[in-house]
Amino acid sequence: MTDIQSSFSTSYAEARQKFLKAAQAAGLTVDSNIHPLKGRDGEELAMDVVLDGAPDAKQLLVISSACHGVEGYCGSGVQIHALQNTAWREAAKAQGVAVLYIHALNPHGFSHVRRVTHENVDINRNFQDFSKPLPANEAYKELQPLLLPEVWPPDAANAAATGQYIAERGMKAFQAAISKGQHDFPNGLFFGGQAPTWSNQTVRKVLQKYGQRCQKLAWIDLHTGLGPSGVGERIFACADDPAAYTRAKAWWGNGITSIYDGSSTSAFLTGLMWMSAYQECQQAEYTGIAMEYGTQPTDKVMYALRGDHWLHLHPEAPAALRQQIKQDLMDAFYVDTDEWRTQIVEQAMDAMHQAATGLGA
């Protein structure tokens, strides 16, 4: 087992190499799903998958990173640490639990330091039934002109109008209007898409390949950007099902929060990725959480996201401004301190042990 800090990386390319080496050192095979585009530095992009345990295990635990690309700087570190943690691997094995690591659900966003995919889509709003009318977000329509102004940083008039909206309706309403997801503005924030993304299709293939023989399936999806810095909120990540909620609380404690009852820092969302577990692994009893680690206050995170989307629409932006916007986005989703990284790993490992115990019970 190596020290926590060495499991983290400063680029997607470095993170991928560390993940591949950790898998190799553990004697595990990597199943690489190659992305059609190249990374920021011309590197190969992939959703890399590693199964630690028997292919026909009755209990399967999925640990996934980089659903929102830039958040992979956190999640990848957890996965690499776990692969190198002999005590954890033996504990899972003792419970009869196989562990499936899905590294970089959105490798393009991870590499290019964006939250969204190459299609400008938020994966965690993209798992919709596209044969039916898509959910409308009227509150976002009202905000869209304010969110992506002509100039960046926003001018005084834009800042005043945005501030007035927040003053009148509150930061929670502002966050919900933006982050709920929308399907009307392809260049906008939290765009859920008009069709399944590459990541959507690929993660379904992974679940079909590895998740159709288990009887119990658990999923911990690693996220950052909401809540107090370094605190890992355990957000119930299942359908609105009382039995699953009771099970999740038994595994992960009564502190678990939910988008269904308003207890989570997250707004109520649709098109969530882990709903695919019900569709692709229908034979399994499913229980999951999103581990949501805090970084900065909500207003700073939203500002950073707006800046990144503005930059995507303005490739002509000067280099210094581009660099500042990218740094703001990194800071919004990854705290570059030893203390934060240690908190992240300790809380993730705790949740993983709890999941393995729950699955093995």
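It should be noted that the structure appears before, not after, this text.
Everything numeric here is computed off the predicted structure, so don't read it as measured data. (Residues numbered from 1 in each chain as written. Predicted model: local features only at pLDDT ≥ 70, side-chain atom pairs only at ≥ 80, totals over all residues. Heavy atoms only, no water.)

**What about the pattern of salt bridges?**
Selection criterion: Counted as salt bridges are all cases of a side-chain nitrogen of Lys or Arg within 4 Å of a carboxyl oxygen of Asp or Glu. Counting from the N terminus, the helices are DSSP H or I runs at least four residues long and the strands are E runs at least two residues long. Using a 1.4 Å probe on the protein chains alone, a residue whose accessible area is under 20% of its type maximum counts as buried, one over 50% counts as exposed, and one in between counts as partly exposed.
Evaluated as defined, the whole model comprises 20 salt bridges. R169 is the salt-bridge partner of E142, the closest N and O atoms lying 2.6 Å from each other. Residue E142 is found in helix 5 (residues 138-147), and its partner R169 is found in helix 6 (residues 156-169); the two are separated by 27 residues along the sequence. The partner of D336 in a salt bridge is R341, with the nearest N and O atoms 2.6 Å apart. A relative accessible area of 58% means that D336 is categorised as exposed. A relative accessible area of 9% places R341 in the buried class. Residues joined by salt bridges that share partners form a network here, namely E71, R115, D122 and R125.

**A short note on empty space enclosed by the protein**
By rolling a water-sized probe across the atoms, one finds the places where empty space is left. Just so we agree on the cut-off: A cavity here means a set of points on a 1 Å grid, drawn over the protein atoms and nothing else, where a 1.4 Å probe fits but cannot get out; a pocket is an open set with protein on both sides within 12 Å along at least five of seven lines, and a residue lines either one if it has an atom within 4 Å of a point. Grid points are joined across faces, edges and corners, and a volume is the space filled by probe spheres set on the points. Ten residue types, Ala, Val, Leu, Ile, Met, Phe, Trp, Tyr, Cys and Pro, are classed as nonpolar, four, Asp, Glu, Lys and Arg, as charged, and the remainder, Gly among them, as polar.
Counted by the stated rule, this structure contains 3 cavities of 30 Å³ or more. There is about 330 Å³ of room inside the largest cavity. Looking at the largest cavity, it is lined by 28 residues, and the ones nearest its centre are R115, R125, L226, S266 and E292. Of all the secondary-structure elements, those providing two or more residues to the lining of the largest cavity are helix 7 (171-179), strand 5 (216-229), strand 6 (232-236), strand 7 (285-294) and helix 11 (298-313). For the lining of the largest cavity, the class distribution of residues is 15 nonpolar, 9 polar and 4 charged. Of the volumes computed, that of the second largest cavity is approximately 50 Å³. Residue composition of the lining of the second largest cavity, by class: 2 nonpolar, 4 polar and 2 charged.

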